[in-house]
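Now for the letters of each chain:
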Amino acid sequence: MLDTSFVVIYENKIGEMITWEQLLILDGDSVVVDTEYDSRTIYEVDGKIVTVYSYSSGYKYAYCEKDAYVYILTADSMEIDDIKKVFKFGNKCNK
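In short, a report on the structure. Source: prediction; values computed, not measured.

Digging into unusual backbone geometry
At aspartate 46, a position not held by glycine, the phi torsion is positive, near 50°. Among the structural elements, aspartate 46 can be located in the loop between strand E3 (39-45) and strand E4 (48-54). Under the relative-accessibility criterion, aspartate 46 is labelled partly exposed at 43%. The backbone of aspartate 67 shows a phi angle near 55°, a positive value even though the residue is not glycine. Structurally, aspartate 67 can be placed in the loop between strand E5 (60-66) and strand E6 (69-75). What makes aspartate 67 exposed here is its relative accessible area of 62%.

If you want it as structure tokens, here you go:
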């Protein structure tokens, strides 16, 4: 079986969760995004498009495609500047 994903899960001292996923997209694969978000904002980070879906609870879901990979960050509570920093660093992992 081909391993096509990498996931890191972090929990801080107060129990907030952050996940970072890297998925290899093969022919026929698709990624589904929850459509019940409260707002969607698109940012450019190092020449790549990062879409951040925000919910009234403070939860964030961020998505970026680079080459044959999809990067997904989810966080119970995270500032946009911090999300951009994660994508700036994370996208360098696959260069």
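What about the sheet that holds strand E2 (residues 17-24)?
Strand pairing within a sheet occurs via backbone hydrogen bonds; the two strands may be parallel or antiparallel. Sheet architecture is open: six strands sit in the order E1-E2-E6-E5-E4-E3, paired in antiparallel fashion. In this open sheet, the two strands that pair with only one neighbour each are strand E1 (5-11) and E3. Averaged over all pairs of adjacent strands, the angle between their axes in this sheet comes to 15°, without regard to strand direction. By the bridge criterion, five bridges tie E4 to E5 in an arrangement that is antiparallel. By the bridge assignment for E5, tyrosine 53 is matched with tyrosine 61.

Thresholds, definitions, all that
Residues numbered from 1 in each chain as written. Predicted model: local features only at pLDDT ≥ 70, side-chain atom pairs only at ≥ 80, totals over all residues. Heavy atoms only, no water. Helix = DSSP H or I, 4+ residues; strand = E, 2+ residues; numbered from the N terminus. Buried < 20%, exposed > 50% of the residue type's maximum accessible area, 1.4 Å probe, protein only. Pairing = 2+ DSSP bridges. Axes fitted to C-alpha atoms, helices over the stretch in contact; angles between N-to-C directions.

Such coordinate-based values are descriptive only and should not be taken to indicate function.
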